[in-house]
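Structural characterization, general
As a plain string of letters, each chain reads:
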Amino acid sequence: MIKIGDIEVHRIERKRSSIHPRRFFRIFGAKLMANLGWLLPNYYDSPRDMFPASIHSWLLKTPTHTILVDTCTGNGKPRPLSPYFNMLDTPWLERLEDAGVKPEDVDLVVLTHLHVDHVGWNTRFEGGRWVPTFPNAQYVISHREYEAQDPKRGAAKRSEAENLPFIDSVQPVIDAGKARFVESNETLLEGIDLMPIPGHSPGMIAMRVQSNGEEAIFGGDIAHQPIQVAFPDWSTIYCSDQKQAALSRRTMWDYCAMQNCLLLPVHFGWPYCGRIGRRGNDFVFLPHHQEP
Ligand SMILES: [Zn+2]
């Protein structure tokens, strides 16, 4: 557990995973090799030539609210285009309960963006249909992201298989009247607001938390790996606008370094979160060595 002022933060894991440097970033080995001094052993698994990664959600217990940031991949969901996410059966809900939270306790589900690995537990299959997993929660979705991923609008040219995550994990929440559509810079609660970080997806948002003089950014997929702290211009092959993603990342690194924020993304491997420091004109990753 991590404390940010008066707020408790828990990490709810779906899976440890790994990312292939060249397939994911199309980066050149020379730059990787030049950074081995700080990447080894935690941020680059040299024998396997892989970056250790994770898929998780962040759970926040404030003095007044229970908030979940992103909902991983869900169970029993057909994903014909992604064998890695297809028809999963994982104990993610049990892990949430291990952290002392039942689905009905969650007040807010903040979705940084609407990709397959961030919306899955929005719903579960009950009575022959997909229903909201968190019956008392508002699901926070940025207008811009909704418009971009909606199969009737921004995603109209995608196949039904590509749109399945929206169809079974986002639309049922909207149909149940549980969606709270927001602007990308809206204030959600006192001390908790949103920041626009477009690029990886068109309407991606970060959630900023300020409590008792401490500050943290729940950054979704602003970066997938610590090496992107040193190389903010490296976007992934999955970013819808790589240049914009790099711009959002550089702006965020500047902000985090200035404010000494703890950055909590969704896919960093152990130790899962950290701060951003400056060394001359460069950014450096300062890991947070406290098990979340
Ligand atoms: Zn992701």
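Structure's up top.
In this report, the structure presented in the accompanying data block is examined. Along each chain, numbering runs from 1 in the same order as the chain's sequence is written. Local features are withheld for residues below a pLDDT of 70 in this predicted model, meaning they are given only at 70 or higher, and side-chain atom pairs are given and counted only at 80 or more; totals for whole chains, interfaces and linings count all residues. Processing note: side-chain calculations cover all non-hydrogen atoms of the structure and skip hydrogens and water entirely.

The criterion for strand pairing is that DSSP finds at least two bridges linking the strands in question. Under the DSSP-based scheme used, a helix requires at least four consecutive residues in state H or I and a strand at least two consecutive residues in state E, with every element numbered from the N terminus. Pairing within the open sheet is mixed, and its seven strands lie in the order 1-2-3-4-5-8-9. Every other strand in the sheet has two partners, leaving strand 1 (2-4) and strand 9 (179-182) as the edge strands with one partner each. Between one strand axis and the next, the sheet turns by 30° as a mean value, whatever way the strands run. Pairing of strand 1 with strand 2 (residues 7-19), which is carried by three bridges, proceeds in the antiparallel orientation. Convention adopted: a line fitted to C-alpha atoms gives each axis, helices being fitted over their contacting stretch, and angles between N-to-C directions are expressed from 0 to 180 degrees.

Time to look at the coordination of the zinc ion. The zinc ion binds to the protein through Asp 117 (OD), His 118 (NE2), Asp 221 (OD) and His 267 (NE2), with metal-donor distances spanning 2.1 to 2.3 Å. Donors, by definition, are the N, O and S atoms found within 2.8 Å of a metal, the threshold being 3.2 Å for Na, K and Ca, and water is not counted, so a site can look incomplete. Here a site with four donors is tetrahedral if all angles are between 85 and 135 degrees, and a site with four or six donors is square planar or octahedral if opposite donors are over 155 degrees apart and the other angles are between 65 and 115; anything else gets the irregular label. Viewed at the metal, the four donor atoms of the zinc ion are separated by angles of 85 to 164°, and the geometry they form is irregular.

Let us now look at the environment of Ala 155. The residue Ala 155 is located in the loop between helix 6 (143-149) and helix 7 (160-169) in this model. The spacing of Ala 155 and Phe 166 is eleven residues in sequence and 9.7 Å in space, taken between C-alpha atoms. Setting aside anything within four residues of it in sequence, one finds Ala 155 in contact with Ala 148, Gln 149, Asp 150 and Asn 163. Should any heavy atoms of two residues lie within 4.5 Å, those residues are counted as being in contact.

Right, let's talk about unusual backbone geometry for a bit. That bond from Leu 40 to Pro 41 is cis: its omega, -5°, falls within 30 degrees of zero. Examined against the element boundaries, Pro 41 turns out to sit in the loop between helix 3 (36-39) and strand 3 (51-61). Trp 270 connects to Pro 271 through a cis peptide bond whose omega is 5°. One can find Pro 271 in the loop between strand 14 (262-265) and strand 15 (274-279). Phi at Asp 70 takes a positive value of approximately 70°, unusual for a residue other than glycine.

Quantified by volume, the largest pocket comes out at close to 1,100 Å³. Residues are called lining when one of their atoms sits within 4 Å of a cavity or pocket point, these points coming from a 1 Å grid over the protein atoms alone, where a cavity is a set in which a 1.4 Å probe fits but cannot get out and a pocket is an open set with protein on both sides within 12 Å along at least five of seven lines. Taken together, 36 residues form the lining of the largest pocket, with Ser 82, Phe 85, Val 116, Asp 117 and Tyr 238 sitting closest to its centre. Only strand 2, helix 1 (21-25), strand 3, helix 5 (116-119) and helix 7 provide two or more residues apiece to the lining of the largest pocket. Broken down by element, the lining of the largest pocket gets its largest block of residues, five residues, from helix 7. Amino acids are sorted into nonpolar (Ala, Val, Leu, Ile, Met, Phe, Trp, Tyr, Cys and Pro), charged (Asp, Glu, Lys and Arg) and polar (every other residue, Gly among them). A breakdown of the residues in the lining of the largest pocket according to their chemical character gives 17 nonpolar, 13 polar and six charged. Grid points are joined across faces, edges and corners, and a volume is the space filled by probe spheres set on the points.

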